[in-house]
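Descriptive analysis of the structure
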Amino acid sequence: RKEVEQDPGPFNVPEGATVAFNCTYSNSASQSFFWYRQDCRKEPKLLMSVYSSGNEDGRFTAQLNRASQYISLLIRDSKLSDSATYLCVVIEGPWGFQKLVFGTGTRLLVSP
Amino acid sequence: NAGVTQTPKFQVLKTGQSMTLQCAQDMNHNSMYWYRQDPGMGLRLIYYSASEGTTDKGEVPNGYNVSRLNKREFSLRLESAAPSQTSVYFCASSEWAGEGSETQYFGPGTRLLVL
């Protein structure tokens, strides 16, 4: 089983739609969780952190469910510019040697 | 600030050739990382350097060596390239490989083809 699993998609949605992605992780000791965004043929960039209480940043909402070991990303009012691959990331390891473990990504295509 | 820079952007090698991928960051970060990204596999950590003077293996270190030349620079060397090393290579840096490591800043990547 992969450490971090995501549905590869693509998710095809019209502008203005609401779309949600889930990601499951296998290591119950994982400490921190994030969503990164990667545009085609570009480098990944941090989108947002995922806190236990859930957090929101504009049109983006991230949730964490430790009991079921999954995190989610909700995008409201999708824009064309949201088209990208969204990478689920967990941090593992002791302080000083922590490493990011990446999912394979979920591809989102927003159409006019 | 340029952030994280990588050279070259593209490279074609023949099996058995060697090459070094260069990475530099100007953010005064302590920790640096090398990843490879393959279709359907996600990013996988090759090597990392938690701080200047230290390096550690990641998930897929075989066939690679690294050098943390100084705080700014972290190079990745392929001694004898193999077709299985065809990939996109990303260098990244973060303030520390601990608190703050979640914000890793990536370079633009090196696309490597080994024939």
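Below or above, wherever it landed, is the structure these notes cover.

Conventions used here
Residues numbered from 1 in each chain as written. Chains lettered and ligands numbered in written order. Predicted model: local features only at pLDDT ≥ 70, side-chain atom pairs only at ≥ 80, totals over all residues. Heavy atoms only, no water. Contact = heavy atoms within 4.5 Å. Buried area = accessible area lost by both parts, 1.4 Å probe. Salt bridge = Lys/Arg side-chain N within 4 Å of Asp/Glu carboxyl O. Polar contact = N/O pair within 3.5 Å; in protein donor to acceptor, adjacent residues only side chain to side chain. Helix = DSSP H or I, 4+ residues; strand = E, 2+ residues; numbered from the N terminus. Nonpolar A, V, L, I, M, F, W, Y, C, P; charged D, E, K, R; others polar. Disulfide = S-S within 2.5 Å. Patch = residues over 30% accessible without salt bridge, like charges linked within 9 Å, V, L, I, M, F, W, Y side chains within 5 Å. Areas by Shrake-Rupley, 256 points an atom, 1.4 Å probe, with all protein chains shown as cover. Buried < 20%, exposed > 50% of the residue type's maximum accessible area, 1.4 Å probe, protein only. Pairing = 2+ DSSP bridges. Axes fitted to C-alpha atoms, helices over the stretch in contact; angles between N-to-C directions. Phe/Tyr/Trp six-rings, centres within 6.5 Å; stacked < 30°, edge-to-face > 60°.

1. Quick look at the interface of chain B and chain A
With 23 residues of chain B in contact, the opposing surface of chain A contributes 20 residues. A buried area of about 1,800 Å², summed over both sides, lies between chain B and chain A, and 57% of it is on carbon and sulfur atoms. There are zero salt bridges connecting chain B and chain A. Taken together, the links from chain B to chain A amount to three residue pairs in polar contact (both at pLDDT 80 or more). Elements with a minimum of two residues in the side of chain B that touches chain A: β4 (31-38) and β5 (42-49) of chain B. Considering only residue class, the side of chain B that touches chain A consists of 11 nonpolar, eight polar and four charged.

2. Quick word on the state of the cysteines
Residues and elements named next belong to chain A. A full pass over the atoms with the stated rule returns two disulfides over all chains. The side chain of Cys23 participates in a disulfide bridge whose partner is Cys88; the two sulfur atoms lie 1.9 Å from each other. Because the sign of the S-S torsion sets the handedness, a value of about -70° for the bond joining Cys23 and Cys88 places this disulfide among the left-handed ones. Note that Cys23 is positioned in strand β3 (residues 19-25) and Cys88 in strand β9 (residues 84-92), a separation of 65 residues in sequence.

3. Overview of a nonpolar patch on the surface
Taken together, B:Val12, B:Leu113 and B:Leu115 make up a surface patch of nonpolar side chains, about 280 Å² in accessible area. As for its position among the elements, B:Val12 is in strand β2 (residues 10-13).

4. A short note on the pattern of salt bridges
Tallying each qualifying case throughout the model produces seven salt bridges over all chains. Residue A:Arg59 is joined to A:Asp82 by a salt bridge in which the shortest nitrogen-to-oxygen separation is 2.8 Å. Here the residue A:Arg59 occupies a position in the loop between β6 (55-57) and β7 (60-65), and A:Asp82 occupies one in the loop between β8 (70-75) and β9, the gap between them amounting to 23 residues. Classification of A:Asp82 by relative accessible area gives buried; the value is 2%. Two residues, B:Arg77 and B:Glu79, come together in a salt bridge whose shortest N-O distance is 3.1 Å. By relative accessible area, which is 28% here, B:Arg77 ends up partly exposed. Residue class for B:Glu79 comes out partly exposed when judged on its relative accessible area of 43%. Each of B:Arg36, B:Asp38 and B:Arg44 takes part in one network of salt bridges that share partners.

5. Re the pairing of strand β4 (residues 32-38) of chain A
Sheet faces and side chains relate simply in a regular strand, where the side chains alternate between the two faces. Residue and element names in this part refer to chain A. With six of seven residues buried, β4 is to be regarded as a mostly interior element. Sheet topology note: the β4/strand β5 (residues 44-50) ladder contains six bridges and is antiparallel. Looking at β5, one finds that Gln38 is bridged to Pro44. In textbook terms, the turn of a hairpin is the stretch between consecutive antiparallel strands, and for β4 and β5 this stretch comprises five residues, one of which, Arg41, has a positive phi near 60°.

6. Some remarks on the sheet that holds β8(A)
Residue and element names in this part refer to chain A. What the five strands build is an open sheet, ordered β1-β3-β8-β7-β6; its pairing is antiparallel. Pairing within the sheet leaves two strands with one partner each, and these edge strands are β1 (4-6) and β6. Put simply, the sheet's adjacent strands are angled 20° from each other on average, direction ignored. Direction of pairing for β1 relative to β3: antiparallel, over a ladder of three bridges. Bridge pairing links Gln6 to Cys23 in β3.

7. Looking at the packing of aromatic side chains
Residue and element names in this part refer to chain A. Considering all chains together, one arrives at 12 aromatic pairs over all chains under this definition. Taking 5.2 Å as the distance between ring centres and 80° as the angle between the ring planes, the aromatic pair formed by Phe11 and Phe21 counts as edge-to-face. Here the residue Phe11 occupies a position in strand β2 (residues 11-14), and Phe21 occupies one in strand β3, the gap between them amounting to 10 residues. Residue Phe11 is classed as partly exposed on the basis of its relative accessible area, which comes to 23%.

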